[in-house]
Amino acid sequence: MNRKMDKDLLTHLINEVNSMATEEIKIMEVCGTHTQMIAKLGLRTLLSPKIKLLSGPGCPVCVTEEKYIDCVIEILNKYNVTVATFGDLMRVRGGKESLLEEKGKGKDVRIIYSPLDLIEMAEKNRGKQIVFLGVGFETTAPIIALAIKTASEKGIDNLYFLTSIKLMAPILHYILKEKNHQIHGFICPGHVATIKGSGYFKFINKEYHIPAAVCGFEAIDIVAGIYYLVKQITQEEEESFKNLYERCVSPQGNRTANLLIDEVFNIADGEWRGIGNIENSSLQMNEKYARFDARKAFVVENQQVKVSMGCDCKDILLGKKTPRECKLFKDRCNPMDPLGPCMVSTEGACAIAYRYGEEI
Ligand code: SF4
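Named according to an unreviewed UniProt entry, the protein is Hydrogenase maturation protein HypD originating from Natronincola ferrireducens. The UniProt entry for the protein carries this comment under Sequence similarities (unreviewed entry): "Belongs to the HypD family."

This is the structure:
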């Protein structure tokens, strides 16, 4: 499709959406990459004010619990270890401090770009214990699993993984089970569906009778998703689930990735930042790979959760508030001095709202 056709189609779909929306319609885009793209495109300014796009719980850093950061800091302070992490996690505060502050105090915290770099790091630094912070969703789970499996096959004994890998389906059940939720439709993350298959999000429609669409990340993917959802919502269609990202998402998902996940992890209860424990919502290393589990290798005592005062990230992750409804937004909390994780990550709703100056 050429650029002119793309633009004409986008304009046509947006006009159609706006003419269908005679009452308020709330659509949640579950993942942070969609939130980012929606803001970048200025979509909210093109859509009728009756269409409210809410960001959801799909930013991995934003849902990482305070206790997890506190646990890393305790390991850093008690043991002579190197902590390796993705950059986004550096500035997220635990109960009090962040990894960036620990690095400033001289602790060995390094940013890596792929879990597979860890293997080389561990092999070159045999005398050093390395702890990798593996956070993310179904999308990052396979590459973390591959790193763990590779470490096992190579007999690496100085590498540990402190994981906080969350699952999308249980948090959506949590949102949808709330009696007064006001979400009329869901834009489901195409990358999670690429791994898990197109049927992974079908339950939204099947069990809760709310339309949902698996969408890609181009402008046309997102606008087509909104068009589809608004059409289903306004026409009150019974069966309304669609995979609109067929060029990447197959019905069965990525078999190799899922075999890796099953090989290394078990499903377990998970702790979500500000939300608490959700049953069967995380992946944890199974017995076969337990020797790589940092929670088993290092003794950590501080299990007390200290919640950051006044941060509304919980409500933002659940689609109950927008960033500007947090009284700390901009003046007290901004990307230079973030109080909550939603202001840290490039996929965090608050950081996106600050960056693009948009009401999200
Ligand atoms: Fe938390 Fe800051 Fe967002 Fe408020 S603006 S919800 S304090 S991250």
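Now that the structure is up, let's keep going.
(A) Structural detail: the pattern of salt bridges. Counting across every chain of the model gives 19 salt bridges. Of the charged contacts, one joins E65 and K166 as a salt bridge, the two residues approaching to 3.1 Å between their closest N and O atoms. Of this pair, E65 sits in the loop between strand 2 (51-58) and helix 4 (66-78) while K166 sits in strand 6 (residues 159-166), placing them 101 residues apart in sequence. According to the relative accessible area criterion, E65 is buried, its value standing at 10%. With its nearest N and O atoms 3.5 Å apart, the salt bridge here joins D337 to R93. Of this pair, D337 sits in the loop between helix 14 (313-317) and helix 15 (349-356) while R93 sits in the loop between strand 3 (81-85) and helix 5 (99-104); the two residues are 244 residues apart in sequence, bridging distant segments of the chain.

(B) How the structure looks around the sheet that holds strand 5 (residues 129-136). A sheet is described by the order of its strands in space; here six strands give the open sequence 4-3-5-6-11-10, paired in mixed fashion. The open sheet has two edge strands with one neighbour each: strand 4 (109-111) and strand 10 (265-272). Taking each pair of neighbouring strands and ignoring which way they run, the sheet shows an average axis angle of 30 degrees. Where strand 10 lies against strand 11 (residues 276-285), seven bridges are found, and the strand directions are antiparallel. Note that in strand 11 the partner of W272 across the bridge is G276. With respect to the sheet, helix 7 (residues 141-153) is in contact with strand 5, strand 6, strand 10 and strand 11, its orientation differing from that of strand 6 by roughly 160 degrees.

(C) Just helix 12 (residues 255-264), in detail. Of the residues making up helix 12, those classed as buried are A257, N258, L260, I261 and V264. Angularly, the buried residues of helix 12 cover 155 degrees about the axis, an arc narrow enough to put them on a single face. What points out from helix 12, more than 90 degrees from its buried face, is the exposed set R255, T256 and D262. Turning to helix 12, the residues buried within the fold contact helix 7, helix 9 (190-196), strand 10 and strand 11. Between the side-chain oxygen of the N-cap and the backbone nitrogen of T256 there are 3.1 Å, and the N-cap of helix 12 in question is N254.

(D) The arrangement of the nonpolar core in detail. Judged by nonpolar contacts, the single largest core of 101 residues is most densely connected at V131, F161, F186, F201, I204 and F265. Ranked by size, the runner-up nonpolar core spans 24 residues in total, among them I38, I51, I222 and V230.

(E) Quick peek at the site of the ligand. Neighbouring the ligand are C311, D312, C313, I316, C326, L328, F329, C333, G340, C342, M343 and C350. One can see that the ligand is located within the largest cavity. Taken together, the residues of the shell around the ligand sort by class into ten nonpolar, one polar and one charged.

(F) Representation of the environment of K196. Mapping K196 onto the fold places it in helix 9. K196 sits 25 residues away from I171 along the chain, and the two C-alpha atoms are 16 Å apart.

(G) Focus on the sheet that holds strand 7 (residues 185-189). Read across the sheet, five strands follow the order 2-1-7-8-9 without closing on themselves; strand pairing throughout is parallel. Each end of this open sheet is capped by a strand with a single partner; those strands are strand 2 and strand 9 (241-243). Mean inter-strand twist for the sheet, computed between neighbouring axes without regard to direction, equals 20 degrees. Of the strand pairs in this sheet, strand 7 and strand 8 (residues 212-215) are connected by four bridges, and their pairing is parallel. For I187, the partnering residue across the bridge sits in strand 8 and is A213. Packing against the sheet, helix 2 (residues 32-41) makes contact with strand 1 (25-31), strand 2, strand 7 and strand 8, and its axis sits at approximately 120 degrees to strand 1.

(H) View of the packing of aromatic side chains. For the coordinates displayed, the defined rule picks out ten aromatic pairs. One Lys or Arg, K166, reaches over the ring of W272 and ends 5.7 Å from the middle of that ring.

(I) Here's a closer look at the pairing of strand 2. By the criterion of burial, strand 2 is predominantly enclosed, with seven of the eight residues buried. Pairing of strand 1 with strand 2 involves six bridges; the strand directions are parallel. From the neighbouring strand, E29 faces strand 2, where its bridge partner is S55.

Conventions adopted
Residues numbered from 1 in each chain as written. Predicted model: local features only at pLDDT ≥ 70, side-chain atom pairs only at ≥ 80, totals over all residues. Heavy atoms only, no water. UniProt positions renumbered as here; feature names shortened; annotations may be inferred. Salt bridge = Lys/Arg side-chain N within 4 Å of Asp/Glu carboxyl O. Helix = DSSP H or I, 4+ residues; strand = E, 2+ residues; numbered from the N terminus. Buried < 20%, exposed > 50% of the residue type's maximum accessible area, 1.4 Å probe, protein only. Pairing = 2+ DSSP bridges. Axes fitted to C-alpha atoms, helices over the stretch in contact; angles between N-to-C directions. Contact = heavy atoms within 4.5 Å. Arc of directions from axis to C-beta. Polar contact = N/O pair within 3.5 Å; in protein donor to acceptor, adjacent residues only side chain to side chain. Core = buried A, V, L, I, M, F, W, Y, C linked by side-chain atoms within 4.5 Å. Near = heavy atom within 4 Å. 1 Å grid on protein atoms, 1.4 Å probe; cavity = no way out; pocket = protein on both sides within 12 Å on 5 of 7 lines; lining within 4 Å. Sits in = over half its atoms within 2 Å of the grid points. Nonpolar A, V, L, I, M, F, W, Y, C, P; charged D, E, K, R; others polar. Phe/Tyr/Trp six-rings, centres within 6.5 Å; stacked < 30°, edge-to-face > 60°. Lys NZ or Arg CZ within 6 Å of the ring centre and 35° of its normal.

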